[in-house]
Every structure is written in C-alpha cells, then in structure tokens.
Amino acid sequence: KECPFGERSHGIDGIKEAYMERYNCDKEDVLILLMYVLAGFEKYRGHSICPCGSNKKLRECHGGRLLADIQSELSEYYQSDAYWLLDDYVERRKKNGRKNSKESTTKN
C-alpha cells in the first residue's frame, strides 16, 4: 500500500491533486463524477460510458483504477477521501453561486 508523495498543496487541495493524478484526470468535474462512484453514491457499472468524455466504456478507461480502489482493503480510506472531496466541491459551488448572485445584483 503506497501513499502518493510529492509536491502538492496542503489539505483538501493536495488530496484533490493526488486523486486527479491517481485517476489521470485533468478536469475536476470528471474527478467528481468518479468520486460519486468511489463514495458509493453510484454503483460501479463497467459497461457505462466513462464520464471523461472519451466515449469508451468505464472499464476500458478510468474504471480499472476505480474498481481496484473500490475492492481494495483500503476502500474505507478512499471512500472517506471521496466524501471529503465531494463535500468540498459542493461547498465551493454554493459559495461561487452566492458570489455570482451578489455580483449580478450589484451590477443592476
């Protein structure tokens, strides 16, 4: 069981960077969709189209690493990280929505 090390940000940003590297994602939105599966909110379906936009089946794209993590003896830790990442994502979206709505009301 190897933990990823290297130059990463601290806290949740570093965890996000590690998972983006782990799943070879360059877009946060794709990572979030994979985290829904890792967290157990969506069932892993290898025959589904991968959310990365490759038009490949999940099992032929990002699904191999994802399924390995789901079945790993460390799956509880991965699932915990997924919850944390999803919660952070939702909170940032809420904050950004409030900022955008304030900007639009002050411009009028």
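In case you missed it, the structure is sitting above this.
Student: I'm lost on helix α3 (residues 63–71) in this one. Help?
Tutor: An α-helix turns once every 3.6 residues. As a result, residues three or four positions apart point the same way. When α3 is considered as a whole, its buried residues turn out to be Gly-63, Leu-66 and Asp-69. Taken end-on, α3 shows its buried residues confined to a sector of 130°, consistent with a single buried face.

Student: Looking at this structure, I do not really get the packing of aromatic side chains. What am I missing?
Tutor: Each aromatic ring pair is described using two quantities: the centre-to-centre distance and the angle formed by the ring planes. Across all of its chains, the model carries 4 aromatic pairs by this definition. Residues Tyr-19 and Tyr-23 carry aromatic rings whose centres are separated by 6.1 Å and whose planes lie at 25° to one another, so their mutual orientation is stacked. When its relative accessible area of 4% is taken as the criterion, Tyr-19 is described as buried. Between Tyr-36 and Phe-41, the ring centres sit 6.2 Å apart and the planes meet at 65°, which makes this aromatic pair edge-to-face. Classification of Phe-41 as exposed rests on a relative accessible area of 53%. Linked through ring pairs, Tyr-19, Tyr-23 and Tyr-78 together constitute an aromatic cluster.

Student: Which parts of the structure should I look at to understand helix α1 (residues 11–22)?
Tutor: Here α1 is 12 residues long and its end C-alpha atoms lie 17 Å apart, about the 16 Å a rise of 1.5 Å per residue gives. Of the residues making up α1, those classed as buried are Ile-12, Gly-14, Ile-15, Lys-16, Ala-18, Tyr-19 and Met-20. Phi turns positive, to about 55°, at Asn-24, one or two residues after α1.

Student: Which parts of the structure should I look at to understand the pattern of salt bridges?
Tutor: One side chain can pair with another of opposite charge once the charged atoms of both are near each other. Taken as a whole, this structure holds 6 salt bridges when the rule is applied. Residue Asp-69 is joined to Arg-22 by a salt bridge in which the shortest nitrogen-to-oxygen separation is 2.8 Å. Here the residue Asp-69 occupies a position in helix α3, and Arg-22 occupies one in helix α1, the gap between them amounting to 47 residues. Look at Arg-22 and you get partly exposed, because its relative accessible area is 26%. Linked by salt bridges that have partners in common, Lys-16, Glu-28, Asp-88 and Arg-92 make up one network.

How each quantity is defined
Residues numbered from 1 in each chain as written. Predicted model: local features only at pLDDT ≥ 70, side-chain atom pairs only at ≥ 80, totals over all residues. Heavy atoms only, no water. Buried < 20%, exposed > 50% of the residue type's maximum accessible area, 1.4 Å probe, protein only. Helix = DSSP H or I, 4+ residues; strand = E, 2+ residues; numbered from the N terminus. Arc of directions from axis to C-beta. Phe/Tyr/Trp six-rings, centres within 6.5 Å; stacked < 30°, edge-to-face > 60°. Expected span 1.5 Å × (residues − 1). Salt bridge = Lys/Arg side-chain N within 4 Å of Asp/Glu carboxyl O.

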